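Residues per chain, in single letters:
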Amino acid sequence: MFIILADAELELVPEEMKGEDEIRSILKAHGKENTLLDNSKMRSSIAKHYPKYINRMGFPHIAYIFTRLNEESILNETIKLDYAIHTKHDVIIEKGDLAGIGAGYTEFAERVEMLLQKKTVKRKLVEYVEEIGTPGNTVVLHPNGKSGLVVNDQFNYIIGGFPEGDFRSNLLTLRKFAIHDKEITVPSVLELLHFKLFETL
């Protein structure tokens, strides 16, 4: 089974923002040419260049928490819990891409920065689902989805990787189900999904 974090707000600092003083200061302090866009450190620059997306852009911690919760889940003792991160720019980061790093955020961020600089092949979310071979067994977890979600290790589950709003990707070909009766955060979705999977084992 796969759990996919989709349209994740995980990206490098856009070129047009690199001239901002706060960005230049961060890059200089770390000796880097680029780094992950981080709303908590770069909010004023994001507000200047992307005012409509000030509460949407630059949330790498969501992908980090998603990764750690899957890596440290007790489910790994029983089933093959595989996962992938699909960024809003259609870069796919798979479990294997993150192999060998420690549990800390710094190692995660450095590996993801390297991957985002290196990965030039882009795949739409639906294309990736088709590539792993299970579009019929893949469902989108969505607060406005239908009730009656089936949870077992034969299905794949897609979770939105953003702090607010809706999916950017075209998901019309995939079924949507609600895992809770209101909108909840990524860690909360994973907690419920892991628990429901654990109940089936």
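A brief structural summary. What you are looking at is a predicted structure, and each value in this text was computed from that prediction instead of being measured.

## Structural notes on the pairing of strand E5 (residues 156-160)
Thinking step 1. Among the five residues in E5, five count as buried, and that is most of the element.
Thinking step 2. Residues Asn-156, Ile-158 and Gly-160 of E5 are buried on one face, and the alternating residues Tyr-157 and Ile-159, pointing to the opposite face, are buried as well.
Thinking step 3. Bridging between strand E1 (residues 2-8) and E5 involves four bridges; their strand directions are parallel. Residue pairing in the sheet places Ile-4 in a bridge with Ile-158 of E5.

## Points about the environment of Gly-31
Thinking step 1. Mapped onto the elements, Gly-31 comes out in the loop between helix H1 (21-30) and helix H2 (39-49).
Thinking step 2. Residue class for Gly-31 comes out exposed when judged on its relative accessible area of 66%.

## Brief notes about the sheet that holds strand E6 (residues 175-177)
Thinking step 1. What the six strands build is an open sheet, ordered E3-E2-E1-E5-E4-E6; its pairing is mixed. The open sheet is flanked by strand E3 (92-94) and E6, the only strands paired with a single partner. Across this sheet, the average inter-strand angle for adjacent strands is 30°, counted without regard to direction.
Thinking step 2. This element, helix H3 (residues 60-71), spans E1 and strand E2 (82-87) of the sheet and lies at about 175° to E2.
Thinking step 3. On the sheet, helix H6 (residues 186-200) packs against E1, strand E4 (138-146) and E5 and is oriented at approximately 160° with respect to E5.

## Observations regarding a nonpolar patch on the surface
Thinking step 1. Nonpolar side chains collect at one region of the surface, where Ile-74, Phe-198 and Leu-201 lie side by side and expose about 300 Å² of accessible area between them.
Thinking step 2. Looking at the element boundaries, Phe-198 is found in helix H6.
Thinking step 3. Classification of Phe-198 by relative accessible area gives partly exposed; the value is 44%.

## Things to note about the layout of surface pockets
Thinking step 1. Space inside the largest pocket adds up to approximately 450 Å³.
Thinking step 2. Surrounding the largest pocket, 24 residues form its lining, Gly-160, Phe-162, Glu-183, Ile-184 and Thr-185 being those nearest its centre.
Thinking step 3. Taken together, the elements giving at least two residues each to the lining of the largest pocket come down to H3, E4, E5 and H6.
Thinking step 4. When grouped by side-chain class, the residues that make up the lining of the largest pocket number 15 nonpolar, six polar and three charged.
Thinking step 5. Counted as a void, the second largest pocket has a volume near 210 Å³.
Thinking step 6. In terms of lining residues, the second largest pocket is bounded by 13 residues, among which His-30, Lys-32, Thr-35, Lys-41 and Glu-113 are the most central.
Thinking step 7. Of all elements in the fold, only H1, H2 and helix H4 (105-118) reach the threshold of two or more residues within the lining of the second largest pocket.
Thinking step 8. For the lining of the second largest pocket, the leading source of residues is H4, giving five residues.
Thinking step 9. Each residue belonging to the lining of the second largest pocket can be placed in one class, and the counts come to five nonpolar, three polar and five charged.

About the criteria used
- Residues numbered from 1 in each chain as written.
- Predicted model: local features only at pLDDT ≥ 70, side-chain atom pairs only at ≥ 80, totals over all residues.
- Heavy atoms only, no water.
- Buried < 20%, exposed > 50% of the residue type's maximum accessible area, 1.4 Å probe, protein only.
- Helix = DSSP H or I, 4+ residues; strand = E, 2+ residues; numbered from the N terminus.
- Pairing = 2+ DSSP bridges.
- Axes fitted to C-alpha atoms, helices over the stretch in contact; angles between N-to-C directions.
- Contact = heavy atoms within 4.5 Å.
- Patch = residues over 30% accessible without salt bridge, like charges linked within 9 Å, V, L, I, M, F, W, Y side chains within 5 Å.
- Areas by Shrake-Rupley, 256 points an atom, 1.4 Å probe, with all protein chains shown as cover.
- Salt bridge = Lys/Arg side-chain N within 4 Å of Asp/Glu carboxyl O.
- 1 Å grid on protein atoms, 1.4 Å probe; cavity = no way out; pocket = protein on both sides within 12 Å on 5 of 7 lines; lining within 4 Å.
- Points joined across faces, edges and corners; volume = space filled by probe spheres on them.
- Nonpolar A, V, L, I, M, F, W, Y, C, P; charged D, E, K, R; others polar.

Without other data, these values stay purely geometric and don't point to any function.
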